[in-house]
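What follows is each chain in one-letter form.
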Amino acid sequence: MTAVRLVILGRQGSGKGTQAARLVEAYDTVHISTGDMLRAAVGAETELGLQARAVMDAGELVGDDLINSIVAERLAQDDVAEHGFLLDGYPRTPDQAAALEGILAEAGTPMDAAMNLDVPVDEVTVRMMARGRADDTAEAIRRRLDLYESETAPLLAWFADRGLLEVVDGLGAEDDVFIRLTLAIDRRLSVGDAS
Ligand code: AMP
């Protein structure tokens, strides 16, 4: 199987992380979650972790330059060259999308698709309050959702303009959502093969 190169977008609490974990298994690809990378750095108390912690706790976004360089470094590794990637939580701003486009153009490895896992704001708010993660205070949740609308939602149009956007309904049973995602991805991959 050829390497897939995918982005998964969706509000925090959309089930993106769960579905991403299943997709990396199914497509034998590399899960690159910037949130997981940052949380690991916070846990290990690295310099990056110390810088990122307060920003994350407040529900703010870590600076574009910092996150772009972390992702560029990760995408340059051998496992990604061999297996492709599923980017989860990145890009999150127009600047990050432009940086990703530059990295992939330079490597000569275009993306296959950006999947938007669509779950309404009211539903994700309920789900996030329920999961009780340490950085899930009511204030931080509200801030992250506001930032999603102002910074990340415009990326949907950005990906659509490039013919890369697939919108998948994220409501319903986990298995059903997973099937919807794989159908959309497989359709993309078969279109790519035919061209
Ligand atoms: P996540 O698990 O994707 O919700 O990320 C948790 C937190 O990490 C976010 O609220 C941000 O503070 C930070 N973060 C993760 N990915 C990014 C990104 N691409 N750009 C900026 N900050 C990020």
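Going along each chain's sequence as written, the residues are numbered from 1 onward. Two thresholds apply to this predicted model, a pLDDT of at least 70 for residue-level local features and 80 or more for giving and counting side-chain atom pairs, whereas whole-chain, interface and lining totals are computed over all residues. Water and hydrogen atoms were dropped before computing side-chain values, which therefore reflect all heavy atoms in the structure.

(A) Seen up close, a negative patch on the surface. Taken together, the side chains of Glu-25, Asp-28, Asp-78 and Glu-82 make up a negatively charged region of the molecular surface. Counting through the fold element by element, Asp-28 comes out in the loop between helix 1 (16–26) and strand 2 (30–33). Patches here are clusters of residues that have more than 30% relative accessible area and form no salt bridge, with a 9 Å joining cutoff for like charges and a 5 Å cutoff for nonpolar side chains (Val, Leu, Ile, Met, Phe, Trp, Tyr). A 1.4 Å probe and the Shrake-Rupley method give the accessible areas. Residues count as covered only by the protein chains that appear here. A pairing counts as a salt bridge when a side-chain nitrogen of Lys or Arg comes within 4 Å of a carboxyl oxygen of Asp or Glu. When charges are tallied, Lys and Arg are placed among the positive residues and Asp and Glu among the negative ones, while His and the ends of the chain are skipped. Charge positions come from single atoms, namely NZ of Lys, CZ of Arg, CG of Asp or CD of Glu. Numbering of helices and strands runs from the N terminus; a helix is a DSSP stretch of H or I covering at least four residues, while a strand is a stretch of E covering at least two.

(B) Seen up close, the sheet that holds strand 4 (residues 113–118). Here, strands pair whenever DSSP counts at least two bridges between them. Pairing is parallel across the open sheet formed by 5 strands, whose spatial order is 2-3-1-4-5. Each having just a single partner strand, strand 2 and strand 5 (165–169) make up the two edges of the open sheet. The average undirected angle you get between the axes of adjacent strands in this sheet is 20°. Taken together, the 5 bridges between strand 4 and strand 5 define a ladder with parallel strand orientation. What sits directly across from Met-115, in strand 5, is Glu-166. Should any heavy atoms of two residues lie within 4.5 Å, those residues are considered in contact. Orientation is described by axes fitted as lines to C-alpha atoms, over the contacting stretch for helices, and by angles from 0 to 180 degrees between their N-to-C directions. Here helix 2 (residues 34–43) sits on the sheet and contacts strand 2 and strand 3 (84–88); the angle it forms with strand 2, its principal contact strand, is near 65°.

(C) Layout of the environment of Gly-17. Along the polypeptide, Gly-17 turns up in helix 1. Here the term buried applies to any residue with accessible area under 20% of the maximum for its type, exposed to any over 50%, and partly exposed to those in between, with areas from a 1.4 Å probe on protein chains only. Taking relative accessible area as the criterion, Gly-17 reaches 39% and is therefore assigned partly exposed. Between the C-alpha atom of Gly-17 and that of Ser-33, which follows or precedes it by 16 residues, the distance is 8.2 Å. Once you skip the residues sitting within four places of it in the chain, Gly-17 turns out to touch His-31 and Asp-88.

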